[in-house]
Amino acid sequence: MAKKDYYEVLGVEKTASADEIKRAYKKMAIQYHPDRNPGDKEAETKFKEAAEAYDVLRDPDKRQRYDQFGPDAFNGSGSYGGQGMDMNDIFSMFGDIFGGFGGFGGFGGESRRNLKYKGQDQRFKVELTLKEIVNGTTKKFKLKKHVQCSHCHGSGSSDGKETTCPTCNGTGYVIRQQQSFFGTMRSQSPCPSCHGEGKIIKNKCQHCMGEGIEMGEEIVEVNFPAGMVEGMVLNVPGKGGAGRRNGENGDLQIIIKEVKDNELIRDGNDLIYNLMISVPQAILGGQIQVPTVEGKTTITIQPGTQPDTLLRLKGKGIPEVQGYNKGTRGDEIIKVSIYIPESLNREEKEMIQSIQNSDNFIPTDSIKEKLKRKFRSYFN
């Protein structure tokens, strides 16, 4: 599934709205649901594929990453690629469409875990210099966020005790049945007494009022891989706010902002440096130093170098951040400009006048034609 087009799986355009994506998934979920296709492995596969595609495209952040990097956006993250979803996850999503947790038959009910609250995601911007982007870097941040309550250790209970919910018998959900044109449908919904937790706290912690969390600070160390791009969101799982009552931590989402370099300009994974040389340097050639991310390096200017000549330093650009070419660096492209003085003193004028009619300073017809072709190429 990792290499399939999620939009194609759901049969929608890449510009589809959230409602269109939801309707498309609902249609496929009904069509390929295992209860309607017992023993049909192909239908079961399509059901899972639709759920995987919907799980990505319904989430704005996941969808943005998928649109930018395709299925490779989630490789190595423990999600997708056919490995990150089980049938309980799928039926949970299917249930979201219809307002319950199950749907058809008895799927998802008996094995459903009690509700675990998830903490808040934290989101902020981080500025990276060009050197940090090329080489990758590690930074530490002090975050203000919800942390586990120091008095009840996250349980929300003052005495550490909790009882099984008598309404749902600890399952966290209640089941209802109703007749439809599909037959008898069973659906699950959170227990109204324990709100899906399966447990009830009688003696709440007075410090956190039974929530199990309090405001605090944490030092978080984040690794930024080489090659990151302006506006990219780096997701750090589990480093967001603590979940209520020992629930799951939220995620840390870091938006990348590039600090403009004083000399090098980014163009995709290439770097551009505008080099200005003098007329004598262009005519005679020579050695000259130019900046790179690693420091100064010496290049050779060939005699007779023309304006707008492009010189290329292979592998001196920015690494590919992910995908098949991950780690492969772009190039540094040096664009040569030639400085023409705006004013000359008397001696300089006399020197130029003495050579202006020399044969080597008069362009030949072949050179003129070459310049014409170059000029035309700008407009074709």
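Details of the structure are given in the entry above.
Here's what I pulled together on the structure shown here.

Cut-offs used in this document
- Residues numbered from 1 in each chain as written.
- Predicted model: local features only at pLDDT ≥ 70, side-chain atom pairs only at ≥ 80, totals over all residues.
- Heavy atoms only, no water.
- Pairing = 2+ DSSP bridges.
- Helix = DSSP H or I, 4+ residues; strand = E, 2+ residues; numbered from the N terminus.
- Axes fitted to C-alpha atoms, helices over the stretch in contact; angles between N-to-C directions.
- Contact = heavy atoms within 4.5 Å.
- Polar contact = N/O pair within 3.5 Å; in protein donor to acceptor, adjacent residues only side chain to side chain.
- Core = buried A, V, L, I, M, F, W, Y, C linked by side-chain atoms within 4.5 Å.
- Buried < 20%, exposed > 50% of the residue type's maximum accessible area, 1.4 Å probe, protein only.
- Expected span 1.5 Å × (residues − 1).
- Parallel < 35°, antiparallel > 145°, perpendicular 65-115°, else oblique.
- Nonpolar A, V, L, I, M, F, W, Y, C, P; charged D, E, K, R; others polar.

Some points on the sheet that holds strand 16 (residues 332-339)
Right, on to step 1. The four strands are arranged 11-12-16-15 in an open sheet whose pairing can be described as mixed. The open sheet has two edge strands, strand 11 (265-267) and strand 15 (310-313), and neither has a second partner. Averaged over neighbouring strand pairs, the angle between their axes works out to 35° when direction is ignored.
Right, on to step 2. Alignment of strand 11 against strand 12 (residues 270-278), held across three bridges, turns out to be antiparallel. Looking at strand 12, one finds that Ile265 is bridged to Ile272.

Concerning the environment of Arg245
Right, on to step 1. As for its position among the elements, Arg245 is in the loop between strand 9 (233-236) and strand 10 (252-258).
Right, on to step 2. Ignoring any residue separated from it by four or fewer positions in sequence, one finds Arg245 in contact with Gly154, Ser155, Glu197, Ile201, Gly210, Glu211 and Gly212.
Right, on to step 3. Here the side chain of Arg245 touches Gly210 through a polar contact of 2.7 Å, landing on its backbone oxygen.

Some remarks on the nonpolar core
Right, on to step 1. In terms of nonpolar packing, the biggest core is built from 34 residues, with Val222, Phe224, Ile254, Leu275, Ile277 and Ile299 touching the most fellow members.
Right, on to step 2. If one sorts the elements of this core by residue count, strand 12 sits on top with four residues.
Right, on to step 3. Non-local contacts of Ile254, meaning those with residues more than four positions away in its chain, are made with Phe124, Val126, Val222, Phe224, Met232, Val233, Leu234 and Val236.
Right, on to step 4. Tyr7, Val9, Ala29 and Ala43 belong to the second-largest nonpolar core, a separate cluster that totals 21 residues.

Description of helix 4 (residues 60-69)
Right, on to step 1. Regarding helix 4, its N-cap is Asp59, as a side-chain oxygen of that residue lies 2.9 Å from the backbone nitrogen of Asp61 further along.
Right, on to step 2. Backbone geometry just after helix 4 places Gly70 at a positive phi near 75°.

Let's talk about helix 3 (residues 41-57)
Right, on to step 1. Under the 1.5 Å per step criterion, the end-to-end length of helix 3 is 24 Å for 17 residues, consistent within 8% with the ideal 24 Å.
Right, on to step 2. Of all the positions in helix 3, only Ala43, Phe47, Glu49, Ala50, Ala51, Glu52, Ala53, Tyr54, Asp55, Val56 and Leu57 are classed as buried.
Right, on to step 3. Where helix 3 begins, the capping side chain belongs to Asp40, and its oxygen is found 3.1 Å from the backbone nitrogen of Glu42.

Details of the environment of Asn135
Right, on to step 1. Mapped onto the elements, Asn135 comes out in helix 6 (residues 130-135).
Right, on to step 2. A C-alpha to C-alpha distance of 10.0 Å links Asn135 and Met228, two positions 93 residues apart in sequence.

Description of the packing of helix 3 against helix 4
Right, on to step 1. Packing of helix 3 against helix 4 brings their axes to within 6 Å, and their N-to-C directions diverge by 105°. With respect to each other, helix 3 and helix 4 are oriented roughly perpendicular. Residues Asp55, Val56 and Leu57 of helix 3 pack against Lys62, Arg63 and Tyr66 of helix 4.
Right, on to step 2. For the contact of helix 3 with helix 4, the residue count by class is three nonpolar, no polar and three charged.

With respect to the sheet that holds strand 9
Right, on to step 1. Pairing in this open sheet of three strands is mixed, and the strands run 2-10-9 from one edge to the other. Across the chains shown, the open sheet's two edge strands, defined by having one partner strand only, are strand 2 (122-128) and strand 9. Strand after strand, the sheet turns through a mean of 30° between neighbouring axes, direction not considered.
Right, on to step 2. Here strand 2 pairs with strand 10 via seven bridges, running parallel. By the bridge assignment for strand 10, Gln122 is matched with Leu252.

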